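Structural features, examined
Letter by letter, the chains look like this.
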Amino acid sequence: MIRAVIFRLHLSVAVAAGAVVFMLAATGAILSLEETGTGLAERRYFVAGVEGAERLGPEAMAAAAGFAATSLRYRADARAPVRVYEGRDRYARIDPYTGAVLGIGPDGLERFFEGVHNWHRWFNVSGGSVRRARAVTGAVNAAFLFLLLTGPILWIPRPVTRRSLANVILLRRGARGAWRDLNWHQVVGIWSVLPLAVIAATGVTTSYPAVGDRVYPVVATVVPDAAWPGPVVLGEMEGSDDSPRAPETDLAAVLATAKAWAPGWRTLTLNVPRPTDSEVRVGVQGGRAGQPQRAGMLIVDAVTGAALEWESFADDTPSRRAQQFLRYAHTGEYWGLAGQLLAGLFSLAAVLMVWTGLSLAVRRLRRFLRFRRALRG
């Protein structure tokens, strides 16, 4: 009786939310390739013959872009172009040795992934509809979590024998039609249920702030807070506060300080200060995107280039650290490339589960309709 009730609930929720779960899983699988895909595409802008050449300073780089620069992003690879941003959505790729503009972004691939992001988060709507769309995707994540929790109850065979257990944990060769769909649905579900439950649960916390506010304090107790790099020792770096002040902002000194401070840096984002600013904020990333424990913000004196303050992952509140961890655990980015690829693989598993589940539901509906016609005939 209980199993029958769970089955009906499972079936009803699957039919109601299946199409949206399919969309979320498909877009999630695509997004797992974003960093790798855009990174490979960026290589076509790499410059050659840089050995012994002198790099342009940040001011010259900003001027070469031809617009009012708000930030400059440097990569550790000496061949990589420097991105000069105007706001958040427009940037120019600049040859760091000649100042030539190599391209204006975002390009087609980045716009494609941006569109996929928008579909994944809020059905690509805009304006006031975004909040309602996020509520829907959050509800569907919760529905998917329900399906993942009730699925194993239905998949466990009765009675449990070696043969019946093999039918739900191993793919059956030669199966056709409904038996094939059921076998795929059960086997993929059994092997994917735990990582997919993590993906769905973290999706719920990011969609509903009220849920996140209750979850973050709990998760914070297990999120590591190791700082990267070690704590800054103010006044001991070249260009400390006791150095004579130059007459104007020296972005080259700021950049040199940031590079010296984080020798293992992967990207540096230098925010161009306003004329009245006395400090420059430099974002430092030591790992792949999505690893906040390997990132921080270095605050540097705009004139002397002295390091003033270091804000790292460890300095955030426990709840904030938990929020960032869950955000990037949802995409697998927290664990680097391997985590992203696994998240993409399990997203594809969810696509297959939805497809086979809806196929079984359609087959069941057809049998029901044929039965009703037979009774009437």
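This write-up is about the structure you can find in this document.

**Quick word on helix α10 (residues 318-331)**
Across its 14 residues, α10 extends 21 Å between first and last C-alpha, which sits within 8% of the 20 Å expected from 1.5 Å per residue. Among the residues of α10, Arg321, Ala322, Gln324, Phe325, Leu326, Ala329 and His330 are the ones counted as buried. Lining the buried residues of α10 we find α4 (108-122), α7 (177-207) and α8 (209-219).

**Looking at the pairing of strand β4 (residues 101-105)**
Across 4 bridges, the pairing between strand β3 (residues 90-94) and β4 is antiparallel. In the sheet register, Ile94 faces β4, and the bridge partner there is Val101. Taking the residues between adjacent antiparallel strands as the criterion, β3 and β4 are bridged by 6 residues, where Gly99 takes a positive phi near 80°.

**Details of the pattern of salt bridges**
Where charged atoms from two side chains of opposite charge come close, those side chains can pair. Per the counting criterion, the structure on display carries 14 salt bridges. Across the pair Asp77 and Arg79 runs a salt bridge whose closest N-O atoms are separated by 2.9 Å. Shared partners join several salt bridges into a network, and the residues in it are Glu42, Arg44, Arg83, Arg93, Asp107 and Glu110.

**Section: the side chain of Asn118**
As for its placement among the helices and strands, Asn118 is situated in helix α4. Once residues lying within four places of it in the same chain are set aside, the contact partners of Asn118 are Phe123 and Asn124.

**A word on the packing of helix α2 (residues 34-42) against α4**
As a packed pair, α2 and α4 sit with axes 10 Å apart at the nearest point and diverge in direction by 165°. One element, α2, and the other, α4, form an angle in the roughly antiparallel class. Handedness of the α2/α4 crossing: left-handed. Between α2 and α4, the residues in contact are Glu34, Gly37, Thr38 and Ala41 and Leu109, Glu110, Phe113 and His117, respectively. Broken down by class, the residue content of the contact of α2 with α4 amounts to 3 nonpolar, 3 polar and 2 charged.

**Brief notes about the sheet that holds strand β8 (residues 307-312)**
In spatial order, the strands read β4-β3-β2-β1-β5-β6-β7-β8; together these 8 strands make up an open sheet with antiparallel pairing. With partners counted over all chains shown, the strands left at the sheet margins are β4 and β8, one partner each. Direction aside, the axes of adjacent strands within the sheet are offset by 20° on average. Note that strand β1 (residues 71-75) and strand β5 (residues 267-271) share 5 bridges and pair antiparallel.

The rules we used
Numbering of residues starts from 1 in each chain and follows the order in which that chain's sequence is written. It should be noted that, the model being predicted, local features are given only for residues of pLDDT at least 70 and side-chain atom pairs only at 80 or more, the latter also being counted only at that level, while totals for whole chains, interfaces and linings use all residues. Side-chain descriptors were evaluated using all non-hydrogen atoms of the structure, hydrogens and water having been removed beforehand. Helix numbering and strand numbering both begin at the N terminus, where a helix is a DSSP run of H or I of at least 4 residues and a strand a DSSP run of E of at least 2. How far a helix is expected to stretch is found by multiplying one less than its residue total by 1.5 Å. Relative accessible area decides the class of each residue, using a 1.4 Å probe on protein chains only: under 20% of the type maximum gives buried, over 50% gives exposed, and in between gives partly exposed. In this description, contact between two residues means that some pair of their heavy atoms is separated by no more than 4.5 Å. Note on pairing: two strands pair once DSSP finds at least 2 bridges between them. The salt bridge definition used is simple: a Lys or Arg side-chain nitrogen within 4 Å of an Asp or Glu carboxyl oxygen. Angles here are taken between N-to-C directions and fall from 0 to 180 degrees, while the axes themselves are lines fitted to C-alpha atoms, restricted in helices to the stretch in contact. For classification purposes, angles smaller than 35 degrees are called roughly parallel, those larger than 145 roughly antiparallel, those between 65 and 115 roughly perpendicular, and all remaining angles oblique. A crossing counts as left-handed when the near helix is turned anticlockwise from the far one by less than a right angle, and as right-handed when that turn is clockwise. For this classification, Asp, Glu, Lys and Arg are treated as charged, while Ala, Val, Leu, Ile, Met, Phe, Trp, Tyr, Cys and Pro are nonpolar and the rest, including Gly, are polar.

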